[in-house]
Amino acid sequence: MRAPPDGYTLGQVGANNTINTSLYDKLNYNFIRDIAPIAGITREPNIMVVNPSFPAKTVPEFIAEAKANPGKITMASAGNGTPPHLVGELFKMMAGVDLVHVPYRGGAPAVTDLLGGQVQVYFGTSSASVEYVRTGKLRALAVTSATRSIALPDLPTVGDFVPGFEASTWFGLGAAKNTPAEIVDKLNKETNAGLADERIKARLADLGGAPLALSPGDFGKFLAEETEKWGKVVRFAGAKAD
């Protein structure tokens, strides 16, 4: 953000940036104000996964189980304020269930304990969870995106059972504010050209994602909408950074 606005220093931005705006009380920058949105790169759903020993096989069964046992089902996350945590909090808020949040220092130890049955549910990223689902080591209940995943086409969405629910992990590019429009437009054009490559689309699909091809203006609107959305969830959860 302090780099010269010449387009030679870019930042990878993601869902965590829009969450951090509300998660931290004091930041020495304003994410929306201080970057020039360039382009989206990819968007992938999180997957609601449970240990195979957990009795629920569908989202409605999970909700019923959670309502019958309030405060007894454990929800792993990659840490306080991480996307898996906030996606889980959004689910708690919209489904009206009480789950016990168990934060880990990263997604790998969270998945390890989920595989071992120490925790019961995790809203992990598609790229980190899909192979465990394919091999039957974890049971997937639903994807969190508005539409089904290319990687797991038979899996329903959470929104099929909790109307209006949508959450995803995404990445894009930003530059320092005041980067000239012609530079932003050139970077956007080349990024979107890369995302149109069939090999890249196939690789993203294999990981459960899809290209997030947007204009600079539309990507800026997307960032603002995500910032507002996750701010509401952070306030609901009372989440604080570690």
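This structure is a prediction, so every number in the text was calculated from the model and none was measured.

## Considering the packing of aromatic side chains
Here is step 1 of the chain: Counted according to the given criterion, the structure contains seven aromatic pairs.
Here is step 2 of the chain: For the pair Phe62 and Phe91, a centre-to-centre distance of 6.0 Å together with 65° between the ring planes defines the contact as edge-to-face. Of this pair, Phe62 sits in helix 3 (residues 59-68) while Phe91 sits in helix 4 (residues 83-95), placing them 29 residues apart in sequence. You'll find Phe62 and Phe91 in the same group, each marked buried.
Here is step 3 of the chain: Pairing Trp170 with Phe219 gives two aromatic rings, centres 6.2 Å apart and planes at 90°, and the pair type is edge-to-face. Residue Trp170 is found in strand 7 (residues 168-176), and its partner Phe219 is found in helix 9 (residues 216-237); the two are separated by 49 residues along the sequence.
Here is step 4 of the chain: Taken together, the aromatic side chains of Phe54, Phe62, Phe91, Phe123 and Phe165 make up a single cluster linked through ring pairs.

## Remarks on the nonpolar core
Here is step 1 of the chain: Core analysis: the biggest nonpolar cluster contains 31 residues, and Met48, Phe62, Phe91, Leu99, Val121, Phe165 and Trp230 have the highest contact counts within it.
Here is step 2 of the chain: Contributing elements (two or more residues each) for this core: helix 1 (15-23), strand 2 (35-50), helix 3, helix 4, strand 5 (121-125), strand 6 (139-143) and helix 9.
Here is step 3 of the chain: Per-element accounting of this core gives the leading share, five residues, to helix 4.
Here is step 4 of the chain: Among all residues touching Val121, those that are not within four sequence positions of it are Met48, Val49, Val50, Phe62, Thr74, Met75, Ala76, Leu99 and Leu114.
Here is step 5 of the chain: Counting 18 residues, the second-largest nonpolar core is a separate cluster that includes Ala76, Ala110, Val119 and Tyr122.

## Considering unusual backbone geometry
Here is step 1 of the chain: In this structure, Asn178 is a non-glycine residue whose phi angle is positive, near 75°.
Here is step 2 of the chain: As for its position among the elements, Asn178 is in the loop between strand 7 and helix 7 (181-195).
Here is step 3 of the chain: Overall, the relative accessible area of 64% leaves Asn178 in the exposed class.

## Concerning the side chain of Thr227
Here is step 1 of the chain: Inspection of the secondary structure puts Thr227 in helix 9.
Here is step 2 of the chain: When near neighbours in sequence (up to four residues on either side) are disregarded, Thr227 contacts Thr18, Thr21 and Ile32.

## A closer look at the pattern of salt bridges
Here is step 1 of the chain: Taken as a whole, this structure holds 11 salt bridges when the rule is applied.
Here is step 2 of the chain: Put simply, Asp34 and Lys177 hold a salt bridge, and the shortest N to O gap is 3.6 Å. Placement of Asp34 in helix 2 (residues 31-34) and of Lys177 in the loop between strand 7 and helix 7 is noted, with a sequence separation of 143 residues between them.
Here is step 3 of the chain: By relative accessible area, which is 8% here, Asp34 ends up buried.
Here is step 4 of the chain: For the salt bridge of Asp197 with Arg199, the shortest nitrogen-to-oxygen distance reads 3.0 Å.
Here is step 5 of the chain: Residues joined by salt bridges that share partners form a network here, namely Glu131, Arg134, Arg203 and Asp206.

## Re the environment of Ala175
Here is step 1 of the chain: Residue placement: Ala175 occurs in strand 7.
Here is step 2 of the chain: Counting along the chain gives 166 residues from Ala175 to Thr9, while the straight-line C-alpha distance between them is 6.6 Å.
Here is step 3 of the chain: Not counting residues within four places of it along the chain, the set of residues in contact with Ala175 comprises Thr9, Leu10, Asp34, Ile35, Ala36 and Ile38.

## Remarks on the packing of helix 4 against helix 9
Here is step 1 of the chain: Viewed as axis vectors pointing N to C, helix 4 and helix 9 meet at an angle of 75°, and their least axial separation amounts to 9 Å. When the axes of helix 4 and helix 9 are compared, the pair comes out roughly perpendicular. Contacts from Leu86, Val87, Glu89, Leu90, Lys92 and Met93 of helix 4 reach helix 9 at Lys229, Trp230, Val233, Val234, Phe236 and Ala237.

Quick notes on the rules
For every chain, the first residue of the written sequence is number 1, and numbering continues from 1 onward in sequence order. Owing to the predicted nature of the model, reporting of local features is limited to residues with pLDDT of at least 70; listing and counting of side-chain atom pairs is limited to 80 or more, with chain, interface and lining totals taken over all residues. Side-chain metrics in this entry use all non-hydrogen atoms of the structure; hydrogen atoms and water are not considered. When the centres of two rings from Phe, Tyr and Trp lie within 6.5 Å, Trp using its six-membered ring, the rings pair. Their planes under 30 degrees apart give stacked, over 60 give edge-to-face, and anything left gives tilted. What counts as a helix is a DSSP run of H or I of at least four residues, what counts as a strand is a run of E of at least two, and both are numbered from the N terminus. Throughout this description, buried means an accessible area under 20% of the type-specific maximum (1.4 Å probe, protein chains only), exposed means over 50%, and partly exposed covers the range between. Only buried residues count toward a nonpolar core. Its members are Ala, Val, Leu, Ile, Met, Phe, Trp, Tyr and Cys residues joined through side-chain atoms within 4.5 Å. For this analysis, residues touch if any pair of their heavy atoms sits within 4.5 Å. One side-chain nitrogen of Lys or Arg within 4 Å of one carboxyl oxygen of Asp or Glu is enough to make a salt bridge. The angle between two axes is taken between their N-to-C directions and runs from 0 to 180 degrees, where each axis is a line fitted to C-alpha atoms and a helix contributes only its stretch in contact. Here the word oblique covers every angle except those under 35 degrees (roughly parallel), over 145 (roughly antiparallel) and from 65 to 115 (roughly perpendicular).

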